[in-house]
Amino acid sequence: MPASTTDWDVERRARVRPRSPAGPGTHAAVLVITAVALLLPLMMGNRTPLTLTASQLVLVSGALLAGILATLPLRGTLPPPDRVWLAFGGVFTFYALLQVLPSTALASAFGPYPEALWNHPDFAPRHWSPDIGATLRGWVAFVALFTLAWVAHGMRSSQRNVLWLALAAMAVFQAIYGVTAHAAGAETIFGIWPRNTPHAVHGSFSNYNLFAAYLALLWPLSVAVWWIREMPLLHRLPREIKFAGSLLTSVVIGAALFASTSRLGSGAAVVGAVVALLLWSRHRHLLYGASVWPAYLAFGAGLLAATWYGLAPLVERLLATGTHDMRFEVLTLVRAEVPLSWYLHGVGLGGFEAMFKQIQPGHLAFWVDYAHSDVLQWLVEMGLVGVILLLVVIAGLIRAAHLSIERIALYAGLAALVLVSLGDFSWHIPATQAVLAVFLGTLLRGRPRRSRSSGSGP
């Protein structure tokens with residue numbers, strides 16, 4: 001008997017001890033998270049302080065409601081976060097608290113203020129963070145994302161499947177809406193917001209880069225949902241229908257993603273697809289007896305559809321890429337002008353925009369609210385403490401690493417978004433943040449423990 005068949009038989013026959021309970025509270029929490037994840041992308045059509053505040057309000061209120069429902073004293077209450085999770089949240093909260101404390105000493109030692117401001121007769125900085133409102137909003141967003149990740153960490157597979165199916169459906173909707181709006185020459189998004197870049201596909205997002213990053217994150221999962229066991233509405237379909245479904249899903253998403261003309265998003269999508277195919281090829285038994293060729297065919301068809309719909313605008317932008325690009329100029333300024341000490345202790349969570357005003361040259365007359373590199377901005381704002389927190393998450397992911405169809409898709413999407421984080425700010429966008437938090441909470445689950453009575457295979 002082939003080794004892959006043996007692995008599948010072992011996996012199928014093993015009785016896995018459930019790690020998380022299932023009760024009315026957790027079921028309701030899953031539905032709330034699903035609703036939040038579906039609503040947020042529809043709110044991304046106009047990226048202004050007011051609309052971002054509204055979307056963050058949806059994120060925070062939804063996460064708070066999900067957390068309350070998951071902890072109600074009913075059957076199936078989720079256990080509280082363990083010590084590592086609590087320590088992580090405690091360190092982040094304490095550091096943010098220091099940044100907003102009214103302390104001239106902290107402001108003088110760590111604040112990103114020019115000497116002229118200290119010499120001003122009528123004003124003296126009193127806070128480490130130059131924008132305590134942004135710091136508090138950042139901390140609130142962290143609490144919401146922490147809650148989403150914790151609830152996702154405790155979900156059963158049947159509950160996660162509902163969420164994955166909804167996210168895949170939203171990715172397909174974004175792709176179809178983006179392509180049809182672009183083909184029809186629509187001037188608005190849902191008849192509400194103007195389309196800022198009518199020459200490109202960008203769904204209900206105001207920015208085609210943010211749209212492409214969102215699809216790159218969900219493209220592998222949208223293909224994988226057809227092959228995950230016990231997926232609602234799909235698991236009983238004939239294999240031929242699954243082949244066709246995964247193929248069409250990938251075709252639609254691939255065409256929309258590459259027609260966005262986003263260089264970074266398209267490159268990240270290719271990286272995510274390659275990661276998924278490599279892992280699926282290495283662990284074929286996870287496809288439950290089916291060959292790996294449907295996955296190759298699905299991603300290949302997506303690339304072919306992109307060629308058919310038109311790759312010329314993307315190719316032209318790739319050929320025109322140079323250091324004169326605005327994001328390169330912003331990154332160069334940050335690397336050259338920010339003192340080393342600010343990188344060590346951070347300028348304050350959410351303080352990048354206020355800090356950048358000090359080094360922004362006159363010819364950059366537009367609104368620079370992000371560094372166009374989530375990794376660099378995190379380092380500038382949170383310093384070495386932020387690096388340590390990031391390393392803790394990475395260590396947790398490595399410690400909990402194991403593979404399944406579900407997890408391969410999540411790893412591939414996460415790889416794509418990590419690449420995006422090097423040159424864009426999708427990690428700051430609520431629609432993407434919510435999905436990322438759920439992905440991380442799921443991937444931080446360890447390998448399921450098998451009961452002593454589990455079969456050991458044939």
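Here is what the cut-offs are and how they apply
Residues numbered from 1 in each chain as written. Predicted model: local features only at pLDDT ≥ 70, side-chain atom pairs only at ≥ 80, totals over all residues. Heavy atoms only, no water. Helix = DSSP H or I, 4+ residues; strand = E, 2+ residues; numbered from the N terminus. Buried < 20%, exposed > 50% of the residue type's maximum accessible area, 1.4 Å probe, protein only. Contact = heavy atoms within 4.5 Å. 1 Å grid on protein atoms, 1.4 Å probe; cavity = no way out; pocket = protein on both sides within 12 Å on 5 of 7 lines; lining within 4 Å. Points joined across faces, edges and corners; volume = space filled by probe spheres on them. Nonpolar A, V, L, I, M, F, W, Y, C, P; charged D, E, K, R; others polar. Polar contact = N/O pair within 3.5 Å; in protein donor to acceptor, adjacent residues only side chain to side chain. Expected span 1.5 Å × (residues − 1). Phe/Tyr/Trp six-rings, centres within 6.5 Å; stacked < 30°, edge-to-face > 60°. Core = buried A, V, L, I, M, F, W, Y, C linked by side-chain atoms within 4.5 Å.

**A word on the overall build of the protein chain**
Then step 1. Each helix and strand counted, the protein chain has 19 helices and two strands in total.
Then step 2. Across the 458 residues that make up the protein chain, the buried fraction comes to 52%.
Then step 3. When contacts within the protein chain are restricted to residue pairs at least 6 apart in sequence, long-range pairs at least 24 apart make up 77% of them.

**Some remarks on empty space enclosed by the protein**
Then step 1. On inspection of all chains with the given rule, the structure shows two cavities of 30 Å³ or more.
Then step 2. Looking at the largest cavity, the residues that line it are M43, M44, N46, R47, T51, L52, S55, L210 and I429.
Then step 3. The element contributing the most residues to the lining of the largest cavity is helix 3 (residues 49-70), with three residues.
Then step 4. The residue makeup of the lining of the largest cavity, split by class, is five nonpolar, three polar and one charged.

**What about the side chain of Q159?**
Then step 1. Along the chain, the position of Q159 falls in helix 8 (residues 157-184).
Then step 2. Of the polar contacts made by the side chain of Q159, one reaches the side chain of T26; its length is 3.3 Å.

**Examining helix 8**
Because each turn of an α-helix spans 3.6 residues, side chains separated by three or four positions end up pointing in the same direction.
Then step 1. Taking 1.5 Å of rise per residue, the 28 residues of helix 8 would be expected to cover 40 Å, and the 40 Å separating its terminal C-alpha atoms lies within 8% of that figure.
Then step 2. Phi for G185, located one or two positions after helix 8, is positive at around 70 degrees.

**Observations concerning the packing of aromatic side chains**
Then step 1. The full count for this structure, using the stated rule, is 18 aromatic pairs.
Then step 2. Ring geometry for F173 versus Y177: centroids 6.0 Å apart, planes at 10 degrees, classification stacked. With F173 and Y177 both in helix 8 and four residues apart, this pair spans about one turn of that helix.
Then step 3. A relative accessible area of 34% places F173 in the partly exposed class.

**What to know about the nonpolar core**
Then step 1. Core analysis: the biggest nonpolar cluster contains 105 residues, and W164, L167, L215, W219, L221, L257 and F439 have the highest contact counts within it.
Then step 2. Of the residues forming this core, the biggest block, 13 residues, is contributed by helix 9 (residues 208-224).
Then step 3. In this structure, W219 is in contact with S250, I253, G254, L257, F258, A269, A273, F299, G302 and L303, ignoring residues within four places of it in sequence.
Then step 4. Residues L331, V338, W342 and F352 belong to the second largest nonpolar core, which totals 17 residues.

On their own, these measurements won't tell you what the molecule is for.
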